[in-house]
Amino acid sequence: MNGSQVTVVVITIGSREEKGLVAFRRRLTGLTKKVTSGGPTSLKKALTWYYGEQGPVYFKNASAGYYKGIDDVRSALPGIFEEVLTVPGLIFQINTLGGAISKDVEGAYPHRAFPYLGESQAYWESASHAAVLREAIGRMRNHIAQAGVTSHYANYPDLAFADWPTAYYGAENYARLQQLKQRYDPENRIHHPQSVKLPH
């Protein structure tokens, strides 16, 4: 969702003949002003959709939390919607998880049970606009936190997450990662503000 539109990606893989999907798509179509459908296309044509910009793209993306359902984030939505609708350049996105992601595999990713992942995004072309968008991202972060959402995706980092080790990895997993850090990087050569810290 951004200030001018809400985009709903219904399906990325499956059959056009699946009755449940067809019915769901029809319901959504009745609520929208525009519907587009993709189909098989050549690789040459498809690649042009992903051509990058000629110059740098200035942005800040940050995790907006994991959710089990709408109730987890319901109280935050009015504030988030207000930000997105009034601050140009701001986007709120919810990604669906599930499938192989949800398989019970031991590892450093503790959030497999969540079916939804939120993301705050901001894009700007000037320093003054950057300041406005960073402040808006901060307010969105606060709305999410006040809703009680504390688990976040490490690959959408935010330096403002106070307890980022637990938010990204869970306390137990983070302790295991610290032991691996001690074993493979005892001199802390790999480091940044939110890298795994050596155990004390």
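Note: the structure precedes this text.
What you see as residue numbers is a count from 1 along each chain, following the sequence as written. Note on the predicted model: pLDDT of at least 70 is required for a residue's local features to be given, and 80 or more for side-chain atom pairs to be given and counted; whole-chain, interface and lining totals, by contrast, use all residues. The side-chain values count all of the structure's non-hydrogen atoms but skip hydrogen atoms and water molecules.

Student: I keep staring at the pattern of salt bridges and nothing clicks. Help me out?
Tutor: When a carboxyl oxygen of Asp or Glu is within 4 Å of a side-chain nitrogen of Lys or Arg, the pair counts as a salt bridge. Counted under the stated rule, the structure contains six salt bridges. Linking R139 and E83 is a salt bridge whose minimum nitrogen-to-oxygen distance equals 2.8 Å. With R139 in helix α5 (residues 127–146) and E83 in helix α4 (residues 77–86), this pair connects stretches of sequence that are 56 residues apart. The partly exposed category is assigned to R139, whose relative accessible area is 35%. A simple rule labels every residue: compare its accessible area, found with a 1.4 Å probe on the protein chains alone, to the largest value its type can have, and call it buried under 20%, exposed over 50%, or partly exposed in between. A residue is classified by how much of its surface remains accessible, and E83, at 8% relative accessible area, is buried. Starting at the N terminus, helices and strands are each numbered in turn, a helix being any DSSP run of H or I of at least four residues and a strand any DSSP run of E of at least two.

Student: What is the right way to read the side chain of E119 from this model?
Tutor: Turning to its location among the elements, E119 is positioned in strand β3 (residues 116–124). Salt bridges are absent for the buried E119, whose nearest opposite-charge side chain, K60, sits at 11 Å. Polar contacts, as counted here, are pairs of nitrogen or oxygen atoms within 3.5 Å of one another; within protein the pair requires one atom able to donate a hydrogen and one able to accept it, and residues that are adjacent in sequence qualify only if both atoms are side-chain atoms. Here N61 takes part through its side chain, which lies 3.1 Å from a polar atom of the side chain of E119. In this analysis, two residues are considered to be in contact whenever any of their non-hydrogen atoms come within 4.5 Å of each other. When near neighbours in sequence (up to four residues on either side) are disregarded, E119 contacts N61, A62, A64, I91, F92, Q93, N95 and Y156. Residues counted as positive are Lys and Arg, residues counted as negative are Asp and Glu, and His and the chain ends are not counted.

Student: What is the right way to read empty space enclosed by the protein from this model?
Tutor: Unoccupied space between atoms shows up once a probe the size of one water molecule is rolled over them. A pocket, in this scheme, is an open set of points on a 1 Å grid over the protein atoms alone with protein on both sides within 12 Å along at least 5 of 7 lines, while a cavity is a set where a 1.4 Å probe fits but cannot get out; residues line either one if an atom lies within 4 Å of a point. Grid points are joined across faces, edges and corners, and a volume is the space filled by probe spheres set on the points. Counting across every chain of the model gives one cavity of 30 Å³ or more. If you add up the space inside the largest cavity, you get close to 50 Å³. Every residue lining the largest cavity is listed: A62, S63, A64, S120, I137, M140, R141, I144, H152 and D158. Elements represented by at least two residues in the lining of the largest cavity include exactly β1 (58–67) and α5. At four residues, α5 tops the list of elements feeding residues into the lining of the largest cavity. When grouped by side-chain class, the residues that make up the lining of the largest cavity number five nonpolar, three polar and two charged. In this classification, Asp, Glu, Lys and Arg are treated as charged, Ala, Val, Leu, Ile, Met, Phe, Trp, Tyr, Cys and Pro as nonpolar, and every other residue, Gly included, as polar.

Student: Just to check I follow, could you spell out the sheet that holds β3 for this structure?
Tutor: Think of a sheet as strands paired side by side through backbone hydrogen bonds, with each pair either parallel or antiparallel. If you trace the three strands from one edge of the open sheet to the other, you get β1-β3-β2, paired in antiparallel fashion. With one partner strand each, in any of the chains shown, β1 and β2 (90–96) form the two edges of the open sheet. The average undirected angle you get between the axes of adjacent strands in this sheet is 20°. What makes two strands pair is DSSP finding at least two bridges between them. Here β2 pairs with β3 via seven bridges, running antiparallel. Counted as the bridge partner of F92 is S120 from β3. Helix axes are fitted only over the stretch in contact, all axes being lines through C-alpha atoms; the angle between N-to-C directions runs from 0 to 180 degrees. Packing of α5 onto the sheet brings it into contact with β1, β2 and β3, and relative to β3 it is tilted by some 165°.

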